[in-house]
Amino acid sequence: MNKADQVLTALKAIIDPDLGRDIVSLGFVRNLNVDEHVGVVTFEINLTTPACPVKDDFKREAEALVRALDWVTDVSVMMTAQPRTSGVEPRGKGLAGVQHILAVSSCKGGVGKSSTAVNLAFALAKAGAKVGIFDADIYGPSLPTMVRVPHAKLYVDMNQMIYPREYQGVNLMSFAFTGSGPEDAPAMMRGPMVSQVVNQLLTQTLWGELDYLVIDFPPGTGDIQITLAQIIPMTAAVIVTTPQKLSFVDVVKGITMFDTLKIPVVAVVENMSYLACENCGARQYPFGQGALRRLIDEYGFKNTYQIPIHADVSAFSDAGTPLVLAKPDHPVSEIYRYLAGNVVREISKIRYGESSTPELSITPDQQLQVTRGGKTHLVDPVVLRLACRCARCVDEWTGAQRLLPEHVATTIHPKKAVLVGNYAVAIDWSDGHHSLYPFDTI
């Protein structure tokens, strides 16, 4: 085995934790150069994104593994990222250099969606990515308040292309920057005109070369949301909610909308989740508990985050400086960084086609057959029926079991089983009940 092969063999010990394969077989190791006379090794680790949350770990492990070879005297590892190219041809010249488009959405206003979108975007930027933010809320734009940019009026060139504003390396666009009326004047437009304005601002803005464009969706599931999803290739979505039952009802509508539009939901943020005592750390839940737990149990979301009620979040948003920039060591800033890291991981899985989505079928003897990861098994219908976590079967707020074994007939069987997005399976049962199960449950 020559020395270059020895290096590659050593590097195969580094496994990407999200893709489940080593960095050599993934093609991450590039431009390997071995100077056999002096024992110097140089190479690149070319990742899917400059914001990769494990890039420092990869570099440290690679240097240690190669340096452990007895003939190596020095190692130089350069961390790079793949060229920014759009996976799907977007509509509009302005989006040509945007690689991934991420929707941040809620179906109810006032849940902290915009603060999540802004802090997520700047957390991605601080991790090394090129990022833009598009404020798609025409009636109530939040971006100019949360990110104070001097001289915010836009410049339009001869080709009617719009130059975005910029703050701390992040490109910004909002209807409020257009200067179409007094700063405090309402945007009085009907639906079709709003959709047209959103389309124009999004596709005619010269975003440049971006790894991620974060779109702060307006609340709801109407014209603007559908228009955005139809005119551009959305990579993924993040849902923002609060603990109240009413908010949970609306967030399910948002999940259903993205499922219908074939946009994977990669994370859920529960804002204003709790209030922590500054002296003792005890938590109070002024808006109740249980909504996030239901999303985990029923929909199988693995990337879920609880943002506490904290005066600094709103104070810095009102002051025009995102919390992750103003106080990077703040506990809430740390949560936003975790969110950004896991969003990057999930998008990487989508890009590389790594999916844990199962294949479903109902056998002639009316059993549910599941194939996942190359393995096939049958699911006991009685056990699965008892595992339903809906409000009729389990008290979602206390956890008390309502559906008992004596309530389920031994002849129960699935009549229909379909996938719901990238997280769950919906089953229609022979007793007339409808259940929703996370992939891991089945």
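Residues numbered from 1 in each chain as written. Predicted model: local features only at pLDDT ≥ 70, side-chain atom pairs only at ≥ 80, totals over all residues. Heavy atoms only, no water.

Undergrad: Explain the overall build of the protein here, please?
TA: Scanning the protein from terminus to terminus reveals 12 helices and 21 strands. For 442 residues, the compact-globule estimate of 2.2 N^0.38 gives 22 Å, and the C-alpha radius of gyration of the protein, at 24 Å, lies within 12% of that figure. Expressed as lengths along the three principal axes of its C-alpha atoms, the size of the protein is roughly 75 × 70 × 50 Å. Counting over 442 residues, the protein shows a buried share of 49%. When contacts within the protein are restricted to residue pairs at least 6 apart in sequence, long-range pairs at least 24 apart make up 67% of them. Total accessible area on the protein stands at roughly 20,800 Å², and carbon and sulfur atoms take up 51% of it. Counting 39 positive and 45 negative side-chain charges, the protein places the averaged centre of each group 3 Å from the other. (Helix = DSSP H or I, 4+ residues; strand = E, 2+ residues; numbered from the N terminus. Rg over C-alpha atoms; globule rule 2.2 N^0.38 Å. Buried < 20%, exposed > 50% of the residue type's maximum accessible area, 1.4 Å probe, protein only. Contact = heavy atoms within 4.5 Å. Areas by Shrake-Rupley, 256 points an atom, 1.4 Å probe, with all protein chains shown as cover. Lys, Arg positive; Asp, Glu negative; His and termini not counted. Charge placed at Lys NZ, Arg CZ, Asp CG, Glu CD.)

Undergrad: What am I meant to see in the environment of Tyr336 here?
TA: Along the polypeptide, Tyr336 turns up in helix α11 (residues 331-351). Linking Tyr336 and Gln366, residues 30 residues apart in sequence, is a C-alpha distance of 45 Å. Setting aside anything within four residues of it in sequence, one finds Tyr336 in contact with Ser115, Thr116, Asn119, Ala123, Ile307, Val313 and Val324.

Undergrad: Even after reading the chapter, I still don't get unusual backbone geometry, so can you show me in this structure?
TA: Generally, phi is negative for residues other than glycine and the peptide bonds are trans, each holding for most cases. You will see that Gln168, though not glycine, has its phi angle at about 50°, which is positive. With respect to the helices, strands and loops of the structure, Gln168 is situated in the loop between β8 (165-167) and β9 (170-174). Located in the positive-phi region is Gln366, a residue other than glycine, with phi close to 65°. As for its position among the elements, Gln366 is in the loop between β16 (359-362) and β17 (368-372).

Undergrad: I would appreciate a short explanation of the nonpolar core in the present structure.
TA: Looking at soluble globular proteins, one finds that nonpolar side chains tend to be buried together. Formed by 91 residues in total, the largest nonpolar core has its most connected members in Phe134, Leu202, Leu213, Ile215 and Leu228. At 8 residues, α11 tops the list of elements feeding residues into this core. Core analysis: the next-biggest nonpolar cluster, separate from the first, contains 24 residues, Leu11, Ile14, Val54 and Val75 among them. (Core = buried A, V, L, I, M, F, W, Y, C linked by side-chain atoms within 4.5 Å.)

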